[in-house]
Amino acid sequence: YIARGQKYEFVNNMGAHPFEIRVSNGGSAYTPGITVQGTTSNGTTTFDVPFDAPNSLYYQCTSHAGMGGTVVVYPDLFTV
């Protein structure tokens with residue numbers, strides 16, 4: 001779970017497992033609010049979660065399709 005308007009840092013030093021936030025499992029990269037320092041394999045990905053981010057995203061190793069999971073973004077855009 002991550003919150004809109006907050007900043008998160010994902011530190012990856014796994015080398016063979018490049019990290020990426022995606023719009024869906026196997027989908028394209030989600031780029032708004034994302035900054036990568038170093039490389040996605042050995043570096044830090046900073047995510048300033050935009051207020052208009054979708055309600056769910058996906059984190060995934062770009063070399064191994066089965067390595068990933070859902071990221072829930074809250075509060076839900078559709079909650080009043």
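Calculation notes
Residues numbered from 1 in each chain as written. Predicted model: local features only at pLDDT ≥ 70, side-chain atom pairs only at ≥ 80, totals over all residues. Heavy atoms only, no water. Helix = DSSP H or I, 4+ residues; strand = E, 2+ residues; numbered from the N terminus. Buried < 20%, exposed > 50% of the residue type's maximum accessible area, 1.4 Å probe, protein only. Contact = heavy atoms within 4.5 Å. Areas by Shrake-Rupley, 256 points an atom, 1.4 Å probe, with all protein chains shown as cover. Pairing = 2+ DSSP bridges. Axes fitted to C-alpha atoms, helices over the stretch in contact; angles between N-to-C directions. pLDDT = per-residue confidence, 0-100. Salt bridge = Lys/Arg side-chain N within 4 Å of Asp/Glu carboxyl O. Core = buried A, V, L, I, M, F, W, Y, C linked by side-chain atoms within 4.5 Å.

1. Digging into the overall build of the protein chain
Stage number 1. On a plain count of helices and strands, the protein chain comes out with zero helices and seven strands.
Stage number 2. Overall, the protein chain shows an N-to-C arrangement of helices and strands of β-β-β-β-β-β-β.
Stage number 3. If you line up the protein chain on its principal axes, its C-alpha atoms span 40 × 25 × 15 Å.
Stage number 4. The proportion of buried residues among the 80 residues of the protein chain is 31%.
Stage number 5. Within the protein chain, contacts between residues at least 6 apart in sequence are counted, and of these 59% link residues at least 24 apart.
Stage number 6. With an accessible surface of roughly 4800 Å², the protein chain has 55% of that area assigned to carbon and sulfur atoms.

2. Quick notes on the pairing of strand β4 (residues 34-38)
Stage number 1. Sheet topology places β4 next to strand β5 (residues 43-48); five bridges connect them, and they run antiparallel. Residue pairing for β5: Q37 is matched across the bridge by T44.
Stage number 2. The turn linking β4 back onto β5 is made up of four residues.

3. Digging into the sheet that holds strand β2 (residues 7-12)
Hydrogen bonds along the backbone pair up the strands of a sheet, which may run parallel or antiparallel.
Stage number 1. In space, the three strands of this open sheet follow the order β2-β5-β4, with antiparallel pairing throughout. A single partner strand is all that each edge strand has here, and the edge strands are β2 and β4. For this sheet, the mean inter-axis angle between neighbouring strands, taken without regard to orientation, is 15 degrees.

4. Focus: the confidence of the model for the protein chain
Stage number 1. For the protein chain, per-residue confidence averages 91 on the pLDDT scale, and residues scoring 70 or more make up 95% of the total.
Stage number 2. The secondary structure element of the protein chain with the lowest average pLDDT is β4, at 92, and the one with the highest is strand β1 (residues 2-3), at 96.

5. Structural notes on the pattern of salt bridges
Stage number 1. In the structure shown here, the tally under the stated rule is one salt bridge.
Stage number 2. Residues E20 and R22 are paired through a salt bridge, measuring 2.7 Å at the closest nitrogen-oxygen approach.
Stage number 3. R22 sits in the buried class, given a relative accessible area of 13%.

6. Quick word on the nonpolar core
Stage number 1. Membership of the largest hydrophobic core is limited to ten residues, which are I2, F19, I21, Y30, F47, V49, A53, L57, V71 and V73.
Stage number 2. Elements with a minimum of two residues in this core: β3 (19-22) and β7 (64-74).
Stage number 3. Setting aside residues no more than four positions away along its own chain, I2 makes contact with Y8, F47, V49, V71, V72, V73 and Y74.

7. Structural notes on unusual backbone geometry
Stage number 1. Each neighbour pair has its own omega, and for Y74 with P75 the value is -10 degrees, a cis peptide bond.
Stage number 2. Summarising the element assignment, P75 is placed in the segment after β7.

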